[in-house]
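Examination of the molecular architecture
Take a look at the letters that make up each chain.
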Amino acid sequence: MQQGCARLLHVGNAICQRASQSAQRSFSVSHPSLSYGQRDFALPNATWNPNTRELYNRYLELSESGAWRRISSFNATVHHLEGKPPEARRDSRLFTRNLDKDGVGFEYSMFFNKAEKRMICIFQPGAYLEGPPGYTHGGCIATIIDSTAGAGAVYDCGRVMTANLNINYKNVRTGRTMQQGCARLLRVGNAICQRASQSAQRSFSVSHPSLSYGQRDFALPNATWNPNTRELYNRYLELSESGAWRRISSFDTFLHHFEGKPPEARRDSRLFTRHLDKDGVGFEYSMFFNKAEKRMICIFQPGAYLEGPPGYTHGGCIATIIDTTAVTGAVYSCGRVMTANLNINYKNPIPMGTTVLVDSNIEKEDGRKVYGRCQIRSHNDLILHADATVLFIKLESTGHGSVV
C-alpha cells in the first residue's frame, strides 16, 4: 500500500444517520491504566450509556448467526487489517484511540456484514471531542465517518486509502443527544479510496508538561516544534507586525475562535484539537488571519498520536484541521457560521511529524451561504497534500439552529 499507487476503488454510497433519541447528558469517566497495544477498545466499558450498550448487544446477537462480525479495535491501524493487536507497545497511537481515559473521546464499536458490504459503527462521542460548546466537533464527525467507511472498504476490497470524503452535515445535535446518545452517523456521499505512496523524514520530540487547561495559549511555540514549523511561524509573525496579518490565540475551547481570550474557569469538556495532555503528540498548530484577503492560514505539525496508516496522518485528522482552519477563517470574515458541507480530495499522505501549511479563504457569500476553499501544502509548497471546498451557513444571533 505504501509503495505504489493503484486505480481507484469505488466503495459505493456510505449513507448513515444520527440517532434521533434524546437522552440525559452525562460524562461518566473512568481513569484506568490502559494497556495500549493489547486492549480491545471496541469492548464495552463502564462509561457506555444504555443506548450504546443496547445497540452493541443487538448487533452482537446478530453476529451469532454469522451474518455480522464484530471488529476488534486496538490502538493501531493494523487492527482493521489483521484483527489482532500488535506484538509490542508502539510510540504512535491510532488517532481515534489516543486518550488515556475511557468515556471522554471516541467510544465506538464496529460490525461488518460481508454479504451486504456494510460496516456499521456504534458511536458515543465524549466530552473531549467538543466543537461548538455542547456539540461534537465537525472534524470528529468527519473522522468517525472516514474510519467507518474506510474500515468497511478494507474488509470488502483490501488495503485502501481515502481519496475523497464528501460530507453533508444535516443537523446540529445538542450535547444531550450527542454526548449521551449513540449514532450511525451522517450522510456521507460517495467515499472513494485509493492506494497511495510517499516517504518523508519525520521526528517526534515529545515533552510531558502538566498543562494548565483553560488558560494556556496553545498556539504559541513549544519545545516539540520542529525547525520548519518554527520558521513558518516566525515568518507570519513578522508579517503581523505590519497589521496585514493577525495571530490567532488558541485555548482548549471553541470560544477562542469568537472571543480571542481564555475562559474564566476550567471546563469538563475540551476542544477536540486541544484534548491531549502532552505537547508534540497531537495537533500542534498556529493560525494567522488576513482580513483584507479573507484568508486564514494554519501552520500544522501532526504528532504521533494522530496516526492513520502506519507512519502517516489519519484522514480524519486531515479533515479536522481543514474544517478547523476554514471555519475559523469564515468566523473572522463573516461572523458565526456552521459547516454545512465539507468536500475533501486527498492528494498525498502527510507523514507524521512533518510541517504543512493549511491555507483557506472565503470565495463568496450568497445570503446566509458562505463558500470557502482550502488547501494543505508541504512547508516548502512543493507537495499538495489535500484540497477542499467548504460550504458554511451563517447562524442567527441567538442559538445554533439547524444546518440546512
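A few words on the overall build of the chain. Of the regular secondary structure elements, the chain holds seven helices and 13 strands. Expressed as a percentage of the 404 residues in the chain, the buried residues total 58%. In the chain, the proportion of contacts linking residues at least 24 apart, taken out of those at least 6 apart, comes to 73%. Carbon and sulfur atoms form 46% of the exposed surface of the chain, whose accessible area is close to 16,800 Å².

We now examine the environment of cysteine 334. Note that cysteine 334 resides in helix H7 (residues 315-334). Sequence separation between cysteine 334 and lysine 294 is 40 residues; the distance between their C-alpha atoms is 9.0 Å. Apart from the residues within four sequence positions on either side, cysteine 334 is in contact with Ile362, Glu365, Val370 and Lys394.

Evaluated as defined, the whole model comprises 16 salt bridges. In this structure, lysine 394 and glutamate 365 form a salt bridge, with 2.7 Å as the shortest nitrogen-oxygen distance. Of this pair, lysine 394 sits in strand S13 (residues 384-394) while glutamate 365 sits in strand S11 (residues 356-366), placing them 29 residues apart in sequence. Three or more residues joined by partner-sharing salt bridges are found here, namely Glu293, Arg295, Asp359, Arg377 and Asp381.

Next up on the list: the side chain of serine 249. Locating serine 249 in the fold gives a position in the loop between strand S7 (246-248) and helix H6 (256-259). A polar contact is formed between the side chain of serine 249 and the side chain of aspartate 217, at a distance of 3.2 Å.

Let's shift gears to the packing of aromatic side chains. Under the counting rule described, the total for this entry stands at 17 aromatic pairs. Here tyrosine 59 and phenylalanine 111 contribute two aromatic rings whose centre-to-centre distance is 5.7 Å and whose plane-to-plane angle is 35 degrees, an arrangement assigned as tilted. Taken together, the residues tyrosine 59 in helix H1 (residues 50-63) and phenylalanine 111 in strand S3 (residues 106-113) connect sequence positions 52 residues apart. A relative accessible area of 5% means that tyrosine 59 is categorised as buried. Taken together, the ring pairs connect Phe95, Phe106, Phe123, Phe272, Phe283 and Phe300 into an aromatic cluster. A cation over an aromatic ring shows up here: arginine 97 above the ring of tyrosine 108, its NZ or CZ 3.6 Å from the ring centre. Its end group placed over the ring of tyrosine 285, arginine 274 keeps NZ or CZ at 3.6 Å from the ring centre.

A separate point is the packing of helix H3 (residues 138-157) against H7. Where H3 contacts H7, the two axes come as close as 8 Å, and the packing angle between them is 155 degrees. With respect to H7, the element H3 is oriented roughly antiparallel. With respect to the hand of their crossing, H3 and H7 are arranged in right-handed fashion. When H3 is examined against H7, the residues Gly138, Gly139, Cys140, Ala142, Thr143 and Asp146 are found in contact with a partner set consisting of Gly315, Gly316, Cys317, Ala319, Thr320 and Asp323. Of the residues assigned to the contact of H3 with H7, the class counts are four nonpolar, six polar and two charged.

What follows deals with the sheet that holds strand S2 (residues 69-71). Spatially, S2-S3-S4 is the arrangement adopted by the three strands of the open sheet, whose pairing is antiparallel. A single partner strand is all that each edge strand has here, and the edge strands are S2 and strand S4 (118-125). Across the sheet, the mean angle from the axis of one strand to that of its neighbour is 25 degrees, orientation sign disregarded. Pairing between S3 and S4: eight bridges, direction antiparallel. If you follow phenylalanine 111 over to S4, its bridge partner there is isoleucine 120. On top of the sheet, H1 reaches S2, S3 and S4; it is set at about 155 degrees to S4, its chief contact. Relative to S3, H3 is tilted by about 30 degrees, and along the sheet it contacts S2, S3 and S4.

Along the chain, leucine 395 turns up in the segment after S13. Sequence separation between leucine 395 and methionine 338 is 57 residues; the distance between their C-alpha atoms is 7.0 Å.

Bridge count between strand S9 (residues 295-302) and S11: six bridges; the pairing is antiparallel. Bridging from a neighbouring strand, isoleucine 299 pairs with leucine 357 of S11. Pairing analysis gives 10 bridges linking S11 to strand S12 (residues 369-378), with the strands arranged antiparallel. Counterpart to serine 360 in the pairing with S12 is cysteine 374. Hairpin remark: S11 followed by S12, antiparallel, with two residues in the connecting loop; positive phi at glycine 367, about 65 degrees.

Further remarks concern the nonpolar core. Phe300, Ile322, Ile376 and Phe392 are the most contacted members of the largest nonpolar core, which totals 58 residues. Sorting elements by how many residues they give to this core places H7 first, with 11 residues. Setting aside residues up to four positions removed in sequence, isoleucine 376 forms contacts with Ile318, Ile321, Ile322, Ile350, Val356, Leu357, Val358, Ile383, Leu384, His385 and Ala386. Membership of the second largest hydrophobic core comes to nine residues, among which are Tyr233, Tyr236, Trp245 and Leu357.

Quick notes on the rules
Residues numbered from 1 in each chain as written. Predicted model: local features only at pLDDT ≥ 70, side-chain atom pairs only at ≥ 80, totals over all residues. Heavy atoms only, no water. Helix = DSSP H or I, 4+ residues; strand = E, 2+ residues; numbered from the N terminus. Buried < 20%, exposed > 50% of the residue type's maximum accessible area, 1.4 Å probe, protein only. Contact = heavy atoms within 4.5 Å. Areas by Shrake-Rupley, 256 points an atom, 1.4 Å probe, with all protein chains shown as cover. Salt bridge = Lys/Arg side-chain N within 4 Å of Asp/Glu carboxyl O. Polar contact = N/O pair within 3.5 Å; in protein donor to acceptor, adjacent residues only side chain to side chain. Phe/Tyr/Trp six-rings, centres within 6.5 Å; stacked < 30°, edge-to-face > 60°. Lys NZ or Arg CZ within 6 Å of the ring centre and 35° of its normal. Axes fitted to C-alpha atoms, helices over the stretch in contact; angles between N-to-C directions. Parallel < 35°, antiparallel > 145°, perpendicular 65-115°, else oblique. Left-handed = near helix turned anticlockwise from the far one by under 90°. Nonpolar A, V, L, I, M, F, W, Y, C, P; charged D, E, K, R; others polar. Pairing = 2+ DSSP bridges. Core = buried A, V, L, I, M, F, W, Y, C linked by side-chain atoms within 4.5 Å.

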